[in-house]
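Secondary and tertiary structure notes
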Amino acid sequence: MDYGSFIVRCPQCGTKNRVPNKRTTGNIVCGKCKSQLDLTLLFPHGFLRVNDSSFYDEVIRFNGPVLVDFTAPW
Ligand SMILES: [Zn+2]
């Protein structure tokens, strides 16, 4: 499993596109039909990097659903 990316399904053709974690901004297009993939629809509040000291406040105490992607350098 590749933890350095995430999968976005194209709303036009349904193709699953692998998007590197570092590419959360800019022009991201579907590899098959070239439609633009609007990540703001998937993540309307954007991405937030958290660490040990901010995890409780940013994730546990958030009043709503939270999607967390855990990664490690090893
Ligand atoms: Zn597509």
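In the block above lies the structure referred to throughout.
Residues numbered from 1 in each chain as written. Predicted model: local features only at pLDDT ≥ 70, side-chain atom pairs only at ≥ 80, totals over all residues. Heavy atoms only, no water.

**Some details on the overall build of the protein chain**
Across its full length, the protein chain holds two helices and two strands. The order of helices and strands in the protein chain, counted from the N terminus, is β-β-α-α. For the protein chain, the proportion of contacts with a sequence separation of at least 24, taken over those separated by at least 6, is 21%. Total accessible area computed for the protein chain in this model is approximately 6400 Å², and 53% of it derives from carbon and sulfur atoms. (Helix = DSSP H or I, 4+ residues; strand = E, 2+ residues; numbered from the N terminus. Contact = heavy atoms within 4.5 Å. Areas by Shrake-Rupley, 256 points an atom, 1.4 Å probe, with all protein chains shown as cover.)

**Some details on the coordination of the zinc ion**
For the zinc ion, every protein donor is listed as Cys10 (SG), Cys13 (SG), Cys30 (SG) and Cys33 (SG), and the spread of their distances is 2.3 to 2.4 Å. Considering all four donor atoms around the zinc ion, the spread of angles at the metal, 105 to 116 degrees, places the coordination shape in the tetrahedral class. We note that the donor set of the zinc ion lies within a single chain, spaced as C-x2-C-x16-C-x2-C. One end of the pair, Cys13, is in the loop between strand S1 (5–9) and strand S2 (16–20); the other, Cys33, is in the loop between S2 and helix H1 (39–42), and 20 residues separate them in sequence. Residue Cys13 is classed as partly exposed on the basis of its relative accessible area of 35%. Assessed through its relative accessible area of 32%, Cys33 is described here as partly exposed. (Donors = N, O, S within 2.8 Å, 3.2 Å for Na, K, Ca; no water. Tetrahedral: all angles 85-135°; square planar, octahedral: opposite > 155°, others 65-115°. Buried < 20%, exposed > 50% of the residue type's maximum accessible area, 1.4 Å probe, protein only.)

**As for the nonpolar core**
One broad trend across soluble globular proteins is that nonpolar side chains are buried collectively. Counting eight residues, the largest nonpolar core is built from Phe6, Val8, Cys10, Val19, Ile28, Cys30, Leu37 and Leu39. Discounting residues that sit within four places of it in the chain, Cys30 has contacts with Cys10, Cys13, Thr15, Asn17, Ser35 and Leu37. (Core = buried A, V, L, I, M, F, W, Y, C linked by side-chain atoms within 4.5 Å.)

**Here's the deal with the pairing of S2**
Where burial is concerned, the two faces of S2 differ: the one with Asn17 and Val19 is buried and the one with Lys16, Arg18 and Pro20 is not. Pairing of S1 with S2, which is carried by five bridges, proceeds in the antiparallel orientation. Looking at S2, one finds that Phe6 is bridged to Val19. In textbook terms, the turn of a hairpin is the stretch between consecutive antiparallel strands, and for S1 and S2 this stretch comprises six residues, one of which, Gly14, has a positive phi near 85 degrees. (Pairing = 2+ DSSP bridges.)

**Some thoughts on unusual backbone geometry**
Although it is not a glycine, Lys34 adopts a positive phi angle of roughly 70 degrees. In this fold, Lys34 is placed in the loop between S2 and H1.

**What about the side chain of Asn17?**
Checked against the element boundaries, Asn17 lands in strand S2. Relative accessible area serves as the criterion here: at 8%, Asn17 is assigned to the buried category. Polar side-chain contacts of Asn17 include one of 2.7 Å to the backbone nitrogen of Gly31. Other than its neighbours up to four places away in sequence, Asn17 contacts Phe6, Ile7, Val8, Cys10, Val29, Cys30, Gly31 and Leu37. (Polar contact = N/O pair within 3.5 Å; in protein donor to acceptor, adjacent residues only side chain to side chain.)

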